[in-house]
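What follows is each chain in one-letter form.
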Amino acid sequence: MQRSQFISTVHLGVKSLLLHKLRSGLTMLGIIFGVCSVISMLAIGEGASYEAQEAIKKLGSTNIIIRSLKPPDEASDSGGGGNFELNYGLTYEDGARLQSTIPGVVRVLPMRIIRENVRFNVNLIPCQVIGTLPFYPGIVGVDIVKGRFLCDADEKHQQNVCAITTALASRLFPYQAPLDQAVKIAGVYYRVVGLVQELNTPDKRAQTEDPEGETLDNFVYIPISTSRSRFGETIFRGSFPNIEAESVELHEIRVKMASTEFVETAAPQIKNVLNRFHDQGDYEVIVPLQLLRQAEATKRIFNIVLGSIAAISLLVGGIGIMNIMLATVTERTREIGVRRALGAKKQDITTQFLVETVVLSVGGGLIGVLIGVLVPLMVTYLADMKTIVTWWSVAIAFSISGAIGILFGLYPATAAANLDPIDALRHE
Amino acid sequence: MKSKSIIRIEEIVKRYVLGGEHEVLALNGVDVSIPEGEYVAIMGPSGSGKSTMLNILGCLDRPTSGRYFLGEQDVSTMPDDDLSEVRGKRIGFIFQSYNLIAQLTVIENIQVPLFYQGQNLKDSYDRCAELAELVGLGDRLHHRPNQLSGGQQQRVAVARSLANDPLMILADEPTGNLDSKTGIEVLNMIGKLNADGKTIVLVTHDNMVAERAHRVLHMKDGKVDRDFRNPPRESSEAKKVA
Ligand SMILES: Nc1ncnc2c1ncn2[C@@H]1O[C@H](COP(=O)(O)OP(=O)(O)O)[C@@H](O)[C@H]1O
Ligand SMILES: [Mg+2]
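Each chain carries its own residue numbering, running from 1 in the direction its sequence is written. Written order determines the labels here, with chains lettered from A and ligands numbered from 1. A pLDDT threshold of at least 70 governs which residues receive local features in this predicted model, and a stricter bar of 80 or more applies before side-chain atom pairs are shown or counted, although totals over entire chains, interfaces and linings include all residues. Hydrogens and water molecules were not included; the side-chain quantities draw on all heavy atoms of the structure.

Quick look at the pairing of strand β2 (residues 23–35) of chain B now. All names here are of chain B. In this sheet, β2 lies alongside strand β1 (residues 5–17) in antiparallel orientation, the contact comprising ten bridges. Residue pairing in the sheet places Ile-7 in a bridge with Ile-34 of β2. Two strands are said to pair when DSSP picks up at least two bridges between them. Only runs of H or I of at least four residues qualify as helices and only runs of E of at least two qualify as strands under DSSP, and these elements are numbered from the N terminus. Hairpin remark: β1 followed by β2, antiparallel, with five residues in the connecting loop; positive phi at Gly-20, about 75 degrees.

Before going further, it helps to spend a moment on the nonpolar core. As used here, the term nonpolar core means buried Ala, Val, Leu, Ile, Met, Phe, Trp, Tyr and Cys residues forming a set that is joined through side-chain atoms within 4.5 Å. Exposure classes here rest on a 1.4 Å probe applied to the protein chains alone. A residue is buried below 20% of its type maximum, exposed above 50%, and partly exposed in between. Residues B:Ile7, B:Ile9, B:Met53, B:Tyr68 and B:Val201 are the most contacted members of the largest nonpolar core, which totals 68 residues. The element best represented in this core is helix α2 (residues 21–58) of chain A, accounting for seven residues. Among the nonpolar cores identified, the runner-up in size contains 40 residues, and A:Ile66, A:Ile130, A:Ile139 and A:Val263 belong to it.

Distances are taken per atom, and a residue is near a molecule or strand as soon as one of its heavy atoms is within 4 Å of it. Lining the immediate environment of ligand 1, one finds 13 residues, of which B:Gly47, B:Gly49, B:Lys50, B:Ser51 and B:Thr52 sit closest. Near ligand 1, residues from chains A and B are present, making the site a shared one. Between ligand 1 and the protein, one listed contact pairs an oxygen atom with a backbone N or O atom of B:Gly47 at 2.7 Å. Counted as a polar contact is a pair of N or O atoms within 3.5 Å, where, for protein atoms, one must be capable of donating a hydrogen and the other of accepting one, and residues adjacent in sequence contribute only when both atoms are in side chains. With respect to ligand 1, the backbone of B:Ser48 contributes an N or O atom lying 3.3 Å from an oxygen atom. Look at ligand 1: alone it shows 550 Å² of surface, and the protein chains cover 68% of it. Elements represented by at least two residues in the shell around ligand 1 include exactly β2 and α1 (50–57) of chain B. With three residues, the top contributor of residues to the shell around ligand 1 is α1(B). Only the protein chains shown count as cover for residues, and the accessible areas themselves come from Shrake-Rupley with a 1.4 Å probe.

Working definition: the strands of a sheet are paired by backbone hydrogen bonds and lie parallel or antiparallel to each other. Residue and element names in this part refer to chain B. One open sheet holds the six strands; their spatial order is β6-β7-β8-β3-β9-β10, and the pairing between them is mixed. Bordering the open sheet on either side are β6 (91–94) and β10 (223–229), each of which pairs with just one other strand. Direction aside, neighbouring strands of the sheet carry axes that sit 20 degrees apart on average. By the bridge criterion, five bridges tie strand β7 (residues 168–172) to strand β8 (residues 199–203) in an arrangement that is parallel. Paired with Ala-171 across the two strands is Leu-202, which belongs to β8. Here a residue-residue contact requires only that any non-hydrogen atoms of the pair lie within 4.5 Å. To define axes, lines are fitted to C-alpha atoms, for helices over the stretch in contact only, and angles between the resulting N-to-C directions are given on a 0 to 180 degree scale. Its contacts with the sheet put α1 on β3 (39–43), β6, β7, β8 and β9 (215–220), and the angle it makes with β7 is roughly 155 degrees.

Following the sequence through the fold, A:Arg334 ends up in helix α11 (residues 333–341). Filtering out sequence-adjacent residues up to four positions away, A:Arg334 remains in contact with A:Ala424, A:Leu425, A:His427, A:Glu428, B:Ser97 and B:Asn99.

Moving on: the sheet that holds strand β5 (residues 73–74) of chain B. Residue and element names in this part refer to chain B. Across the sheet, four strands lie side by side as β2-β1-β4-β5; this open sheet has antiparallel pairing. Here the strands that pair on one side only, and so sit at the sheet edges, are β2 and β5. Of the strand pairs in this sheet, β1 and strand β4 (residues 65–70) are connected by five bridges, and their pairing is antiparallel. Residue Arg-8 lies in a different strand from β4, and its bridge partner there is Phe-69.

To continue, consider the domain arrangement of chain A. Size of an interface, as often reported, equals the accessible area lost when the parts are brought together. For every domain, the bounds stem from an assignment made automatically or drawn from a database. Once the domains are mapped, chain A shows domain 1 (3–55 + 295–426) and domain 2 (70–281). Here the C-alpha centre of domain 2 of chain A lies 58 Å away from the C-alpha centre of domain 1 of chain A.

Residues and elements named next belong to chain A. The interhelical angle for the contact between helix α10 (residues 288–331) and helix α13 (residues 391–417), taken along N-to-C directions, is 30 degrees, at an axis separation of 9 Å. On the basis of their axis angle, the class for α10 and α13 is roughly parallel. By crossing handedness, the relation of α10 to α13 is classed as right-handed. Note on element contacts: α13 touches α10 through Trp-392, Ala-397, Ile-400, Ile-404, Phe-408, Tyr-411, Pro-412 and Ala-416, opposite Asn-303, Leu-314, Leu-315, Gly-318, Ile-319, Met-322, Met-325, Leu-326 and Val-329. Gly is placed with the polar residues, together with every amino acid not listed as nonpolar (Ala, Val, Leu, Ile, Met, Phe, Trp, Tyr, Cys and Pro) or charged (Asp, Glu, Lys and Arg). Within the contact of α10 with α13, the residues separate by chemical class into 15 nonpolar, two polar and no charged. When an angle is under 35 degrees it counts as roughly parallel; over 145 it counts as roughly antiparallel; between 65 and 115 it counts as roughly perpendicular; any other value is oblique. It is the rotation of the near helix from the far one that decides the hand of a crossing: anticlockwise by less than a right angle makes it left-handed, clockwise makes it right-handed.

The pairing test for Phe, Tyr and Trp rings, Trp by its six-membered ring, is centres within 6.5 Å, and the orientation test on the planes gives stacked under 30 degrees, edge-to-face over 60, and tilted for anything in between. Summed over the entire model, instances satisfying the criterion amount to seven aromatic pairs over all chains. With centroids separated by 5.7 Å and ring planes inclined at 10 degrees, the aromatic side chains of A:Tyr136 and A:Phe149 adopt a geometry described as stacked. Of this pair, A:Tyr136 sits in helix α5 (residues 136–141) while A:Phe149 is found in the loop between β5 (142–147) and α6 (152–156), placing the two residues 13 residues apart along the sequence. Just as A:Tyr136 is buried, A:Phe149 falls in that class too. Here the aromatic rings of B:Phe93 and B:Phe95 are separated by 5.7 Å at their centres, their planes lie at 5 degrees, and the arrangement is stacked. The class of B:Phe95 is buried, set by a relative accessible area of 10%. An aromatic cluster is present here, built from A:Tyr136, A:Phe149, A:Phe219 and A:Tyr221 joined pairwise through their rings.

On to the interface of chain B and chain A, then. Contacts between the two partners involve 27 residues from chain B and, on the opposite side, 27 residues from chain A. For any pair of parts, buried area is found by adding up, for both, the accessible area (1.4 Å probe) each one loses once the two are put together. Taken together, the two surfaces of chain B and chain A that pack against each other cover about 2,500 Å², and 55% of this comes from carbon and sulfur. We define a salt bridge as a side-chain nitrogen of Lys or Arg found within 4 Å of a carboxyl oxygen belonging to Asp or Glu. Applying the counting criterion to the chain B and chain A interface returns three salt bridges. Across the pair A:Lys345 and B:Glu85 runs a salt bridge whose closest N-O atoms are separated by 3.1 Å. Applying the counting criterion to the chain B and chain A interface returns 14 residue pairs in polar contact (both at pLDDT 80 or more). Elements with a contribution of two residues or more to the side of chain B that touches chain A: α2 (80–90) and α3 (106–115) of chain B.

Residues and elements named next belong to chain A. Closest axis-to-axis distance for the α2/α10 pair is 8 Å, and the angle between their directions is 180 degrees. On the basis of the axis angle, α2 is roughly antiparallel to α10. Residue classes in the contact of α2 with α10 are distributed as 18 nonpolar, 14 polar and six charged.

Turning to the confidence of the model for chain A, a few remarks are in order. Residues and elements named next belong to chain A. The predictor attaches a confidence to each residue, called pLDDT, with possible values from 0 through 100. Averaged over all residues, the pLDDT of chain A is 84; the fraction at 70 or higher stands at 91%. Averaged over each element, pLDDT in chain A is lowest for helix α3 (residues 72–77) (53) and highest for α11 (95). Segment residues 75–82: pLDDT under 50, and five contacts once partners within four positions in sequence are set aside and those in other chains are kept. Low pLDDT, under 50, characterises residues 201–215; the predicted model gives this stretch 41 contacts beyond four residues in sequence or across chains.

Here is the structure:
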C-alpha cells in the first residue's frame, strides 16, 4: 500500500470514528484512564522513592558508618538504678586499626556525640555536642554558611571553639550576629567560629532522640581533643538517683572508601577487624550503599505492583475497544460488503479496521499521556508529594496503548475481512 | 457487427444447504453467453434465482459447480484476492438500495473503486468529479448520502459504477426503490451507457424496464426458461441520438 493511500486510510478511519463521536469518546476513555494511571502511578512511586534515595545518597555512597551501641544485656542490668558505669563502644584504637588494615580506606573520621545544654544569655537549648576532626565536612557533607569549620590548630591546641548549625544559631542568637559570640557548654565558654548546615538528614545520626522530641538539628561541633579533655571519657546522663554513667570513647566512626567498589567488600572486613575486640556486639555497621540498593529494590517492586495495576486498567481499556470494534464490524457489515464488491481485498478491510482501532487507542494514548503528565503535577500541588514523570513511563504507556490497539483490533479486523462478500452485502 | 462474448457460463449450479437434509437449488444448470455491448434484462418471479445469477456474474458469489468465463479468464476457480481484482477492474455494480458509504461524501463514494485500484484521492478527483457532473450531481460533490434523495443516491451509484471504466455493469433492481419518474431518469442513464458501449446486465421484474433491453433472460426455478430479443426500439433511438 502506498503512503498516500495509507494516509487516506487513516483519514477514513478518523472519519468513521467521528461519525459516532460519543461512542468513540467513551471507547477511548478506557485507554485514556489506563495510560493516565500508568504514568501518574509510576510518577508518584518514583517521587516517593526519590526522596528516600536522596537522603541515603547524602550519607555518602562511599561511606561506611560504624556506631557504638549500648549492649542490650548490660542495659537491663543497669535498670535497677545506682551508679553502675557502662563501658562499651568504639575506641580510638578501632579507628586506627581500620585505617591501617582495610584496603581502600581513604580516611577514618571519629566522632564523640554528647548531649549537653548550650547557653547564650538566657537562651538554653539542649544540643548534641559533636567532637570531631577538621575534615568532618568533606566526609559527612556539610555546607559552611558563614565563617569557617574547625581547623588543625583548634584540634592541636584543644581550643574552645565551635561551629554550630544555622538552625541552632537562629534560636541561640535571635538578635545578635552569631560569629565570635561565646556560648557556654557545661560551664565552659566556646567561641563560635562558623555557621554550617548539614546536608545529611539529621535523624540518621545515632542517639538523636531527644526526650522533649526537639533539637534534632541542633549540633555544636568542637575539636575532638577539646571534647576529650573537657568531658572526659565517662559521661553522666539522667538525674539523681537514676544517673547513668557511660564510658564511651567514640560514638561513631565514619570510614570513607576510595570508591564504591571497595564499599561492599569492606563491610565484612570491618566487622572481622572489630569483632576481635568487641565480643558483646556493642557496635553496628551501616552501609548507605546497601541501603540504597535495598531502596532501589523496594522501588522496583513498588513500580511493578503499581505498573501491573495500571496495566490491568489498560487491558480493560483494550477489551473495551475490542468490544466496540466487534459491534462496529457487525453494524458496518453492509459497508464491508460494498467495499468488497468495489474491489477491496481482505487485506484492505483488515487494514481499515485495524487503523480505526489504532487511531482509537493511540488517540486515547495521547490524551492519556497529557492527563497523565498533569495529574502528578496536581498531586504535587494539592498533596505536597514529590512526583517524577519519567520519560520511560510515558514511552511504555504510550507504546502499550498502541500495541493494545493492534492486539485487540486484530480479531475484529480479521473477522470483518473474512466475511463472505455476498453475505456481507445481504446483511440487513 | 459481430462481437465475441465477454460472459460465458456453463452448467452453473448454485445449491444452498439449509439445516439437515433440506436444500435449495437457486440455480439449476444455467448456460448463458453474453456478447460485448449487449443490454440484458433478467426477469422472472421472486425466488427464481435472478439475484443469485447476478451475484455469480459479479464474482461476488461462487457457483457450486459449473464454469464461468469472464473475457478469457476462468473466474470460477480464482482465489479470493484475484476475484477482488476482477471486480475492482472490470465490473461496476448498481444495487437496489444504492449502498453508498454513509460516512463518505458524494465524490469520495465515487472514488472508492479507484482507491482500491491504488489511485490516490488527489489523482482520481478530477475524473470522479466529471462522473458526478455526468449524472447531474456536479453541485453536490461534498454532500453526504443522507443529504440526498433516493434518486440522487442512485445516480451517485451509477457514477461510482463507472469510476473504474468497467467492462460491464451489473444492476440488481436498480429502480426497485425509486418512484417511476426518477426510475426513468436512472434507466435513461443506463441506456446511455449501453449506447456508449458498456455491457449491461440488469435484474428486474418490471416489464417496462425489461423492454429497454436488447435481450431478456426469463428465469424460473433456477433455470433460464426463455431467452428472447426485444424488438429494437429505444435502443435504436438511443443509437440515432448518439
Ligand atoms: N444465502 C442463501 N441461503 C439459502 N438460500 C438462499 C440464499 N440466497 C438465496 N437463496 C434461495 O435461492 C433462491 C433464489 O434466490 P434469489 O436469487 O435471491 O431470487 P430472486 O430471483 O428473487 O432474486 C430462493 O429460493 C432463495 O430462498
Ligand atoms: Mg432478488
